[in-house]
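Residue-level listing of the chains:
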Amino acid sequence: MSVDPQEMLLRRAAMLMEQRRFEAAQSELRRVLAENPEHTYAHALLSLALAQDDRIGDDARTEEHRDMLRDSTHHAQQAIASDPNDAIGYYALAVSWHKRDDFAAAIEAGNTAIGLDPYDADAYAIVAASLFRLRRYDETLETVERGLAVDPEHGGCSNLRSLALERLGRGEDAIASAEAQLKRNPDDSTAHAAVGFAHLNRGEHKQAQLAFREALRLDPTDEFARSGMIEAINTGNIFYRTLHRYFVWIGRLNPQTALMIMVGLWLLVNNMDSIAERVPFIAPYTTAITMTYILFALTTWIAKPLMDMLLRLHPFGRHLLNGPERLTSNLIGVLMAFAALSFVAGIALSSINVGMAGVVYCFLLAVFVVATMRMPTKKLKIGVGIASGIVAMMPWIGAISLFIYGSLGIQFGSQMLASRTQRPF
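Below is a short write-up of the structure.

1. What about the environment of Pro220?
Looking at the element boundaries, Pro220 is found in the loop between helix H12 (205–218) and helix H13 (223–234). Given the relative accessible area of 64%, Pro220 is considered exposed. Residues Pro220 and Ser189 lie 31 residues apart in sequence; the distance between their C-alpha atoms is 9.4 Å.

2. Observations concerning the side chain of Gln26
Tracing the backbone shows Gln26 in helix H2 (residues 22–35). Overall, the relative accessible area of 7% leaves Gln26 in the buried class. At a separation of 3.3 Å, a polar atom in the side chain of Gln26 contacts the main-chain carbonyl oxygen of Ala49.

3. Here's the deal with the environment of Asp219
Position of Asp219 relative to the elements: it lies in the loop between H12 and H13. Residue Asp219 is classed as partly exposed on the basis of its relative accessible area of 25%. Separated by 31 residues in sequence, Asp219 and Asp188 have C-alpha atoms that sit 8.9 Å apart.

4. So, the pattern of salt bridges
Enumeration according to the criterion identifies ten salt bridges in this entry. Linking Glu139 and Arg136 is a salt bridge whose minimum nitrogen-to-oxygen distance equals 2.9 Å. You can call Arg136 partly exposed: its relative accessible area is 34%. Between Arg170 and Asp173 there is a salt bridge; the shortest N-O distance is 3.1 Å.

5. A closer look at the packing of aromatic side chains
Evaluation of the coordinates by the stated rule reveals three aromatic pairs. Relative to Phe212, the ring of Phe197 lies with its centre 5.0 Å away and its plane at 80 degrees, an arrangement referred to as edge-to-face. Within this pair, whereas Phe197 is found in helix H11 (residues 189–200), its partner Phe212 is found in helix H12, the two being separated by 15 residues in sequence. The class for Phe197 is buried, based on a relative accessible area of 9%. On the basis of an interplanar angle of 85 degrees and a centroid distance of 6.1 Å, the ring pair of Tyr361 and Trp396 is categorised as edge-to-face. Taken as a pair, Tyr361 in helix H19 (residues 352–373) and Trp396 in the loop between helix H20 (378–392) and helix H21 (400–419) lie far apart in primary sequence, 35 residues in all.

6. Looking at the environment of Phe197
When the C-alpha positions of Phe197 and Ala225 are compared, they lie 8.8 Å apart, and in sequence the two are 28 residues distant. In this structure Phe197 touches Glu166, Phe212, Phe224, Ser227 and Gly228, once residues within four positions along its chain are discounted.

7. Quick word on the side chain of His43
Summarising the element assignment, His43 is placed in helix H3 (residues 40–52). Ignoring any residue separated from it by four or fewer positions in sequence, one finds His43 in contact with Leu33, Pro37, Glu38, His75, Ala76, Gln78 and Ala79.

8. Overview of the packing of helix H7 (residues 121–133) against helix H8 (residues 137–150)
Between H7 and H8, the shortest axis-to-axis distance is 8 Å and the interhelical angle comes to 170 degrees. Taken together, the axis directions place H7 and H8 in an arrangement best described as roughly antiparallel. Of the residues in H8, those touching H7 at Ala121, Tyr124, Val127, Ala128, Leu131 and Phe132 are Tyr137, Glu139, Thr140, Thr143, Val144, Arg146, Gly147 and Val150. Grouping the constituent residues of the contact of H7 with H8 by class yields nine nonpolar, three polar and two charged.

Conventions and cut-offs
Residues numbered from 1 in each chain as written. Predicted model: local features only at pLDDT ≥ 70, side-chain atom pairs only at ≥ 80, totals over all residues. Heavy atoms only, no water. Helix = DSSP H or I, 4+ residues; strand = E, 2+ residues; numbered from the N terminus. Buried < 20%, exposed > 50% of the residue type's maximum accessible area, 1.4 Å probe, protein only. Polar contact = N/O pair within 3.5 Å; in protein donor to acceptor, adjacent residues only side chain to side chain. Salt bridge = Lys/Arg side-chain N within 4 Å of Asp/Glu carboxyl O. Phe/Tyr/Trp six-rings, centres within 6.5 Å; stacked < 30°, edge-to-face > 60°. Contact = heavy atoms within 4.5 Å. Axes fitted to C-alpha atoms, helices over the stretch in contact; angles between N-to-C directions. Parallel < 35°, antiparallel > 145°, perpendicular 65-115°, else oblique. Nonpolar A, V, L, I, M, F, W, Y, C, P; charged D, E, K, R; others polar.

Written out as structure tokens, the structure is:
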């Protein structure tokens, strides 16, 4: 009995994808599509191979990588066009949108896939992963529970369950869930990372380091484990550990609530004089309250790059930073050096107010650096960088008020841009 050549190519492509040889799989699938341009399964597999191809690097966001992800979306849409009743096309589309950071579209496509095939745990996992990125942790947990009802040993659903439990403050349950997955698959790097995050957010940074180290041993390219290991090393510093507890708390809020809290704090400080008139006993402390808020707010923005500088002194940590993180920490280091010089100069010149003004100016410039570098695309980096440069010049022309409001605008505006869910390309 003869074997269909296209079927052989499809089987070979699927095997290559299991081996994470995505480039080779893409070649085989393109051969199938050259013979049969409307082959649903080939389009869907090619979409998945393109979306999961990590040769270029997801963090780099190079134009080549953008083109690859656009092509992934195109092939998923072609699979759907050729057979709208086949769930695999919608699943591939969900993965593609997720990789492009359009989590709302990924959820919609994933739910359509579930509607067509409610017994595919992979579809539940991609919907849950997108919900998790949107910080909708209750819904994430509900979705993975449905996926695990279909396949109780599904690795993706199990790991997302652990992460959702951790974000919901159920640390013990999170560790138990991750350890159960490790019993089934001891080489699951994501499960080790999930254990690490559960320990990290319970303040157990040494246990977290051990878990992240194992995750990175199993998969040195695991960005999730790398970022966790950096946090675990940094939280060994008591100053950063205190800030990290704040980050954990704010991270468990949805973006709208977190932003409302930040705006509320700013409004409180901005109206401190009016409040002092109504509550006279706090009048002597208004300046202290204002300065405390300003320093805390600024420090939360630059704490991580400051700690990243210290990572270079750590025997393991110095290998963890990527290019953008090294550049950011270098720029922050230079600005902190100027801040120290400004403070010393103020003392030497018996003008502490001038010295402190220089310190605050350097801290705000550091915020501008972080705001620029955290932008998800090159276009947004250039835009925020130009705006930061313009605002930074305001004090030199005497426009102090414009500098203050411009600084707040950059801080809040960049936060909204960085957390937005619309696809950037």
